[in-house]
Number of protein chains: 2
Amino acid sequence: MTIETALAGLSALLGDRLSRSKSDLAAHGRSEAHFAPAPPDAVAYPETTQEVASIAAICNENACPLIAYGAGTALEGHTSAIQGGVSLDFRHMDRVIRVSPGDMLAVVGPGLTREALNRELRATGLFFPVDPGANASLGGMAATRASGTTAVRYGTMRDNVLALEVVLADGRIVRTGTDARKSAAGYDLTALMLGSEGTLGIITELTLKLQGQPEAITAGTCAFDSIAAAVGAVTAVIQAGVPMARIEFLDEASIAAVNAHAGTDLPETPHLFVEFHGSDGAVAEDAATFAEIAADFGAQGIQTATRTEDRNALWAARHHAYWACLGLKPGATALITDICVPISRLAQAVEDTRADIEAASIPGPILGHVGDGNFHAILLVDPDSPADLAEARRLSARMATRALDLGGTVTGEHGIGIGKLDYMAKQHGEGWAVMAAIKQALDPNGILNPGKMVRVNR
Amino acid sequence: MTIETALAGLSALLGDRLSRSKSDLAAHGRSEAHFAPAPPDAVAYPETTQEVASIAAICNENACPLIAYGAGTALEGHTSAIQGGVSLDFRHMDRVIRVSPGDMLAVVGPGLTREALNRELRATGLFFPVDPGANASLGGMAATRASGTTAVRYGTMRDNVLALEVVLADGRIVRTGTDARKSAAGYDLTALMLGSEGTLGIITELTLKLQGQPEAITAGTCAFDSIAAAVGAVTAVIQAGVPMARIEFLDEASIAAVNAHAGTDLPETPHLFVEFHGSDGAVAEDAATFAEIAADFGAQGIQTATRTEDRNALWAARHHAYWACLGLKPGATALITDICVPISRLAQAVEDTRADIEAASIPGPILGHVGDGNFHAILLVDPDSPADLAEARRLSARMATRALDLGGTVTGEHGIGIGKLDYMAKQHGEGWAVMAAIKQALDPNGILNPGKMVRVNR
């Protein structure tokens, strides 16, 4: 009952789809710069659910850790093999299995990326709306309950996954949910698996809700004098019931970075980037209402973009903000924070974070999905400077604690992994023990992504 | 370790808020006519979460069943004390604890009804949208993952509960979720508790998402030649992305009942009742698009109502359809079925059910929330006729099996209770064993609503 015994069994099962090459191990043990590399002992490349089930059974019998791996875009060390074992790379299970336009759903493999799915859907008039920025795998997005810029309108992965096929630790295959839009039949195992980061089961198939391509899209930007004014405008627009498809905040440091990177000349003050989806009439009306409310909060220079190329340019500026921010400190890597607070506390959370960073020794532009109360600081560190990294960690810890003090959560969308594990007890109290009890019930040998999300006493 | 020992302890704790009066026991053991009465041994009336925790601890030590009880509107025998024990009546925990307009949320006790909440919210410009028809308690609605006419727009309880306070079987108090709109921190215990029908924990407080009162509301009705035409129109409208707040189907038998009950003169063919929420302009545009698409499917006699009194009259006809249907067979009670199928299979499911009922010995109008693929037959039985009841059960079983055959679920919104327990294995397969494992982990003594939802081998 050792990892080596497991690997012998897996090798017999998978042949050359079990890799022990150094480069493969290193690639799968790599993570954000601020986590130490933690390579697995082997990388498995399954092609079918049945293979995943067999792999799990072998690992379970031999107490060999098994870590699901999608596109490698996780930010909190989710895929690090901190106890060794097998990295389960889903690159071969990346098909669109079925699209049902009448039910507005698609069934896909976990290795499919969201961009690939949307490319395949283009001719159907449908799209999958969750957009975390990175071209993540849909299995990974489900496992971390990902969201992004469009969650304010379309929700997070929690709201956009109808059903899952999941392989349990012992190799049993479970289907959660159906093609029906709702159900009151039993515990919501779909929701339990979403966000469980591969610690309760391994997602081998997803049934995703699709949306109709909106008839019209209008995007816009506007500048505010202060963070409080920008956030106040967001709150007022939400309360007025204006349906926004995206509503993004960029602070002055982010705007400076965008200007430097994209050659734009936006005024270097807090901005909102917004987008409306709907019929021509509805979109025009929503944009006008937004402009009116924003003006009440002192918004200046409201620009709108309805043509596709103008909208794309606008969102390219937002989506490239990460790269733009990296450009502020040549050679830097980023520690990206991720907190989410009640909307009523958002202005305070952003302002206090801004003040913290201004008093710190490293730069950190702030941007985020303010319709959800979720924002990030892009803390820029010289990867060779332990002092920089320590400072980034200090700022990140203060943000997490601030989120809890304001009634929020230490992660809005990036997840726990190993990066946020130390906050689980504080955020959940007795609820964390409940999570451990569930983990123990479903994975008694503790093989599924061990060391993440929960701590189980053995 | 007996129920009597538990009751002695509870009596000492609660004084005269532990009732053993015959009328109290009978009232709490009553259920829909087709389930035998199953009174508890006592009824407890807690006033605080701490009391609920103490009650749970006493029951857990003495293996005494504990059954949460809200407004008594459950349709599948959820509150029946089939193994005796204590009914936990939340009528005293019915306060609006806090409203945060800035966060668009309300914190409430589980005994509060949805109508009482909406009355208290009236001055805020906000409302709670989930509307199952009955004036259910919000704790009960959460425990059964209820929905209703507005789910097509606002979602079910799954989508409208941000956070819960839950008392576990052993008396520990857990808070799930926060006031933030989303979180990626840990297993989704909120979703796990929603729909668990009091078998995993007892909900003692709910944090609910609120919506802004729409600026404008327009409702309408229209008649179709066939079920297929009506359902086809619904599918097309959804795919066109027209945001409907409600979209209800009534078959010819339901319309005949409504005409007889309300004195209306609607043509006795399949109808859609629809409602739009939004700005003046958006609502007008949505209603026009709907009318255009409906006309493509042969809709006749499209009537719209924008004035409050006209809309209320229209929805009164829909909401009173249950009573109208009862009037079709004097002295009858109803067995109400509840299946949900993928939208693409809805026309077939309704037509096959219609044919089944027409060949049966009892009447059964069909109506439902067709935007979700969810519909009900109101099967009318003479309560003194075993033959009627057997016929209703036969039809209900055929509907449940049909739902599974069409890729749907045996219950869209009424839940499992005891009425649908026999379908759990067929619907969930190995997933039902996972549910049992979770039940066993969180309620090892099996005191929480025993005999419902799961079967645990001891």
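Residues numbered from 1 in each chain as written. Chains lettered and ligands numbered in written order. Predicted model: local features only at pLDDT ≥ 70, side-chain atom pairs only at ≥ 80, totals over all residues. Heavy atoms only, no water.

The name given to chain A in an unreviewed UniProt entry is D-lactate dehydrogenase (cytochrome), and the organism recorded there is Maritimibacter fusiformis. According to its UniProt record, chain A has this under Sequence similarities (unreviewed entry): "Belongs to the FAD-binding oxidoreductase/transferase type 4 family." Per UniProt, the comment on chain A under Cofactor (unreviewed entry) is "FAD". (UniProt positions renumbered as here; feature names shortened; annotations may be inferred.)

A. Examining the sheet that holds strand β3 (residues 66-69) of chain A more closely. Residues and elements named next belong to chain A. Overall, mixed pairing links the four strands, which are arranged β1-β2-β4-β3 in an open sheet. Because the sheet does not close on itself, it has two edges, and the strands there are β1 (18-19) and β3. For β3 and strand β4 (residues 86-89), the ladder comprises four bridges, and the chain directions are parallel. Considered in β4, the bridge of Leu66 is made with Val86. Along the sheet face, helix α2 (residues 22-29) touches β1, β2 (42-44), β3 and β4 and points at about 80° away from the line of β2. (Pairing = 2+ DSSP bridges. Helix = DSSP H or I, 4+ residues; strand = E, 2+ residues; numbered from the N terminus. Contact = heavy atoms within 4.5 Å. Axes fitted to C-alpha atoms, helices over the stretch in contact; angles between N-to-C directions.)

B. Expanded view of the packing of helix α9 (residues 227-239) of chain A against helix α11 (residues 280-296) of chain A. Residues and elements named next belong to chain A. At a closest axis distance of 9 Å, the pairing of α9 and α11 adopts a crossing angle of 140°. Taken together, the axes of α9 and α11 lie oblique to each other. Judged by the sense of rotation from one axis to the other, the crossing of α9 with α11 is right-handed. Residues Ala233, Ala236 and Val237 of α9 touch α11, and the partners they reach there are Phe290, Ile293 and Ala294. Each residue belonging to the contact of α9 with α11 can be placed in one class, and the counts come to six nonpolar, no polar and no charged. (Parallel < 35°, antiparallel > 145°, perpendicular 65-115°, else oblique. Left-handed = near helix turned anticlockwise from the far one by under 90°. Nonpolar A, V, L, I, M, F, W, Y, C, P; charged D, E, K, R; others polar.)

C. Representation of the side chain of Asn449 of chain A in the model. All names here are of chain A. Take Asn449: it is sitting in the segment after α17 (430-442). Only 3.1 Å separates the side chain of Asn449 from the backbone oxygen of His78, close enough to count as a polar contact. For Asn449, the side chain forms a polar contact with the main-chain oxygen of Glu197, separated by 3.0 Å. With sequence-adjacent residues up to four places away left out, Asn449 is seen in contact with Leu66, Ile67, His78, Ser80, Glu197, Gly198 and Thr199. (Polar contact = N/O pair within 3.5 Å; in protein donor to acceptor, adjacent residues only side chain to side chain.)

D. Spotlight on the UniProt feature "domain: FAD-binding PCMH-type" (unreviewed entry) in chain A. Look at the UniProt record and you will see "domain: FAD-binding PCMH-type" (unreviewed entry) annotated at residues 35-213 of chain A. As annotated, residues 35-213 of chain A has a helix share of 22% and a strand share of 24%, and its two end C-alpha atoms lie 39 Å apart.

E. Representation of the interface of chain B and chain A within the structure. At the interface, 76 residues of chain B touch 76 residues of chain A. Summed over both sides, the interface of chain B with chain A buries roughly 5,700 Å², with 59% coming from carbon and sulfur. For chain B, the biggest contributors to the area lost against chain A are Arg158, Lys182 and Tyr187 of chain B; these three give 16% of the whole. Across the chain B-chain A interface, the total number found is eight salt bridges. Here Arg172 of chain B and Glu430 of chain A are joined by a salt bridge, their closest N and O atoms 2.9 Å apart. Where chain B packs against chain A, one counts 39 residue pairs in polar contact (both at pLDDT 80 or more). Contributing elements (two or more residues each) for the side of chain B that touches chain A: α7 (157-160), β9 (173-176), α8 (189-193), α9 (227-239), α11 (280-296), α16 (424-428) and α17 (430-442) of chain B. The element contributing the most residues to the side of chain B that touches chain A is α17 of chain B, with ten residues. Partitioning the side of chain B that touches chain A into residue classes produces 32 nonpolar, 28 polar and 16 charged. (Buried area = accessible area lost by both parts, 1.4 Å probe. Salt bridge = Lys/Arg side-chain N within 4 Å of Asp/Glu carboxyl O.)

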